[in-house]
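Structural characterization, general
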Amino acid sequence: MKHYIFFLAALLALPALANRPDSVWVRPDIKDGARGLQVAWSQDQKHWHHIATNVFESDYGPWGAQKKMWYPVLKFDGKKFTATFIPDLKQREVGRTESADFILWKPQDYDLISTDADFQRIVSQSKADSQKPLRVPYIYIKALQEKKALREANGRKEMENYVATGRHFAEDCAAINAKLTIDWADKKNISPDLMGIFFEDISYAADGGLYAELVQNRDFEYTAADRKDWNALTAWRLEGEGLAVDVSTQAPMHRNNAHYAQLKTEKVGGSIVNEGFDGIPLKGGDKYELSLFLKGAGAIKVSLREAGKVLASTTFKATKEWRRQSVTLKAAADAKSAELVIEPQQRGELDLDFVSLFPKDTYKGRSNGLRKDLAETIADLKPRFVRFPGGCASHGNGINNIYHWQATIGDLWERQGDYNIWHYHQTRGLGFYEYFQFCEDIGAEPVPVLAAGVPCQNSGRGGYEGGPQNGQQGGIPFLKDLGGKPSPYQYMGKDLTMESYLQELLDLIEWANGDAKKSPLAAMRAKAGHPKPFNLKYLGIGNEDMLGDTFMERYRFLIEGVKAKHPEITVIGTVGPFWEGSDYEYGWQEAKAKKLEIVDEHYYNLPGWYFSHRDFYDGYDRRGPKVYLGEWASKGNNVSNALVEAAYMTHLEENADVVVMSSYAPLLAKDKHYSWTPDLIYFNNNEVRPTANYYVQRVFGHNAGDTYVGSKVDVTVEKSSSDAADKKKSPSQEDLERGVRDRIDRSVVVDSKTGDVIIKLVSMLPKEATMTIDLGEEVAAKLSNATSKKTKKSVVASIQTMCGGNTPDRTKEWEGEKTEKVTLTSPQLQLSVAPYSVTVVRVK
Ligand code: AHR
């Protein structure tokens, strides 16, 4: 986008374009319900020329069903363009935006029209006006044409399969020799926290995933709001005869856990069975904590069973009031897919709620803990921070679905579960306490990211109370806008307003960092098991939102409110969902104007984009806000995706004076429940499958530094004289060497804690290269020191390699990872760099 602006500025600086009219007619030229506004221009209003590129696109409501426009009306007052459009003929709303240059458009707002009659009048008027041409300076048309050309060029680059376009190097090059020279005089401090993780409950990442609970719908709180065909008995079924089950809300144990099961036994022998999340996996000999609430008179037998075989069982006697009972069970044998069977032992009625089964062997042995194998796989990335709880799960699908951290702490049965924007249910058993504890357990900074008082712009629910139900056009109301009336939105029994929402953010900081002896909020944290502060440093506000007026007003209010009370907290702002465009530009303008410390960038692009944008951050202003690349991935899990991500990461390291944090997204996806692909780690109940992309993140997590050292790579290529190379038009020596050079990326960092020099090499070449690394004087000095002291000490380098095989664009796994140790005798280290590989040389 910056290119277009630059181009327009250059155009506007010209007095006039030679042989071009000063001004022309322009009018909207789209089909009803199109995604974007396109225009046609004319000199005489007879001959119209369509420009096949979107001037701007409707950002209204969910993808698929929405993001459309009818009857756009364009206006120009000599200085500014304005545009209105109808985003949905059935909703009483009008979209609006504006632009000073016809290229960069303001993030949209949608005005609610109070009556149907008024709306119909506006629709008819818009229909008529949308065909009226307006006169505009020709330079805007020219700029739009240039924008189209740039978009097409970018699109071509993005579509490039760098593996296919680079295969010829194997034939063209008989030998590749490269030399990496380190320039120890060229050093800069970089962020040691570059690699972190993005955790969101998407694709069953939390419930049914990292959160170790094995009973699904343990509290009978599933509803059709979670998924159309779900209800309070989803994942439960009756078996045998004589037992009936009702769901009641008459006398719940807590208002946040309103539903419970009433078991009515006519004849003993029937049972109610929970299927778990795709079955219940058990390990023979392992212990499990089974707990439940059982009210009434009588007893139940609870067993764990697979294929008719009982692997553990126990009985519970009911109590008069709701009371938690628990017992430890030992599984007699392994089970891939067991069930939990509850069998009343006599006739009569019993109330049952919150049936839970947890492995004792959770990550770090925590109760209400995390699945060990998954948590270990995550911990092994050595992430410096964990972002949670989303993603879209933070800002939610509609105002009522905005994430409230306070609903996720305390006793499990008092937490408020909710619909998950990814179309299932969140128990919030993995809540803020558990997230913070996990961060501490893996030595990562907690980075909560919460909504900016607006829901996701792609929402399909709850824009306005009682009004149209789409998108972000509504926000949590300010007290001033309520005029003394109660808020239409409630949260944990209280009115939800922007003022109360700001207080929630302030309470989070107090809860995490306060003194447990002085602050009641901090005392809650202590009661949960963590008397010491969690030492929260970051707070993200907003998640890739649409940055219209509704958003901006709330975003500013929250940032100012947090900063006023907690200047010590680093606030992370947002700049939309893409690497360019309206939200990106307006987000950055705002961040610079308000001197925000960090902004959160997101982009999911094709490998070709990363390949052609490795210099993306080279031109970023070093004096402005820093970047947290909070969500990114190249679209795919092939080795070629991972490899280009590795190459991009070397450039992130090079720019880690401005890009201070990054996290691949999403992190986890459970088989059969993918809401989104690609992901970093796939899993099911019985296995964990890290991807090729995972191993790249791991390499960077294990080999981070805090100083970046300049280096250069020189390449010499011995051209091939083979038939194949001769037959086609062979590139010149210079072009060949430039091409080869472009496919070797590197970064050199120093970790000051260990003093290690770490060199990462990424080869996107189909051919092996011989690489000489000149480690320079610093290492030479250490070497002579080591030998002169006549001690056994020597300078050792470890060389870790991962290779991509011959078809990295189709292969999903690295070909073996190997690490070898070499003792250096000279500062010149020679190694062979395998085709399509990532190599890490770590000099101790
Ligand atoms: O990472 C998956 C989703 O992508 C996130 O929830 C959202 O922020 C982004 O659009």
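The paragraphs below set out a description of the structure included in this document. On a predicted model such as this, the values are computed, not experimentally measured, just so you know.

Details of the site of the ligand
All residues adjacent to the ligand are F198, E200, I202, G391, C392, W422, N543, E544, Y604, E631, P666 and W676. Within the contact set of the ligand, an oxygen atom lies 2.8 Å away from a backbone nitrogen or oxygen of C392. Taking E631, its side chain carries an N or O atom lying 2.6 Å from an oxygen atom of the ligand.

Focus on the sheet that holds strand β25 (residues 445-450)
The strand order around the closed barrel built from 8 strands is β10-β22-β25-β28-β29-β30-β31-β32, with neighbouring strands paired in parallel fashion. Averaged over all pairs of adjacent strands, the angle between their axes in this sheet comes to 25°, without regard to strand direction. Pairing between strand β10 (residues 195-198) and strand β22 (residues 385-388): 2 bridges, direction parallel. In the strand pairing of β22, I197 is matched with V386.

Section: the packing of helix α8 (residues 432-442) against helix α10 (residues 498-513)
Contact pair α8 / α10: the axes reach a minimum separation of 12 Å and the direction vectors enclose 50°. Put simply, α8 runs oblique to α10. When the axes of α8 and α10 are compared, the crossing they make is right-handed. Only L508, W511 and A512 of α10 make contact with α8, whose side of the interface consists of F432, Y433 and F436. Class assignment for the residues of the contact of α8 with α10 results in 6 nonpolar, no polar and no charged.

Brief notes about the packing of α10 against helix α11 (residues 520-528)
The contact between α10 and α11 brings their axes to 7 Å, and the two run at 50°. With respect to α11, the element α10 is oriented oblique. Note on packing geometry: the crossing formed by α10 with α11 is right-handed. On α11, the residues that touch D507, E510, W511, A512 and N513 of α10 are L521, A522, M524 and R525.

Examining the packing of aromatic side chains
What the rule picks out here adds up to 57 aromatic pairs. With centroids separated by 6.4 Å and ring planes inclined at 85°, the aromatic side chains of Y603 and Y648 adopt a geometry described as edge-to-face. Of this pair, Y603 sits in strand β30 (residues 598-605) while Y648 sits in helix α15 (residues 639-654), and the two are 45 residues apart along the sequence. A relative accessible area of 1% places Y603 in the buried class. One aromatic cluster is present, built from ring pairs that chain together F199, F388, Y403, W405, F432, Y433, Y435, F436, W511 and F534.

Observations regarding the pattern of salt bridges
Should the charged atoms of two oppositely charged side chains come close, the side chains can pair. If you walk through the whole model with that rule in mind, you get 51 salt bridges. In this structure, E146 and K142 form a salt bridge, with 3.6 Å as the shortest nitrogen-oxygen distance. Taken as a pair, E146 and K142 lie in helix α3 (residues 138-159) at a separation of 4 residues, close to a single helical turn. On the basis of relative accessibility, which here comes to 28%, the residue E146 falls in the partly exposed class. A salt bridge links R371 to D373; its shortest N-O distance comes to 2.8 Å. R371 gets classed as buried once you look at its relative accessible area, which sits at 13%. Of the residues examined, D373 reaches a relative accessible area of 30% and is grouped as partly exposed.

Criteria and thresholds
Residues numbered from 1 in each chain as written. Predicted model: local features only at pLDDT ≥ 70, side-chain atom pairs only at ≥ 80, totals over all residues. Heavy atoms only, no water. Near = heavy atom within 4 Å. Polar contact = N/O pair within 3.5 Å; in protein donor to acceptor, adjacent residues only side chain to side chain. Pairing = 2+ DSSP bridges. Helix = DSSP H or I, 4+ residues; strand = E, 2+ residues; numbered from the N terminus. Axes fitted to C-alpha atoms, helices over the stretch in contact; angles between N-to-C directions. Parallel < 35°, antiparallel > 145°, perpendicular 65-115°, else oblique. Left-handed = near helix turned anticlockwise from the far one by under 90°. Contact = heavy atoms within 4.5 Å. Nonpolar A, V, L, I, M, F, W, Y, C, P; charged D, E, K, R; others polar. Phe/Tyr/Trp six-rings, centres within 6.5 Å; stacked < 30°, edge-to-face > 60°. Buried < 20%, exposed > 50% of the residue type's maximum accessible area, 1.4 Å probe, protein only. Salt bridge = Lys/Arg side-chain N within 4 Å of Asp/Glu carboxyl O.

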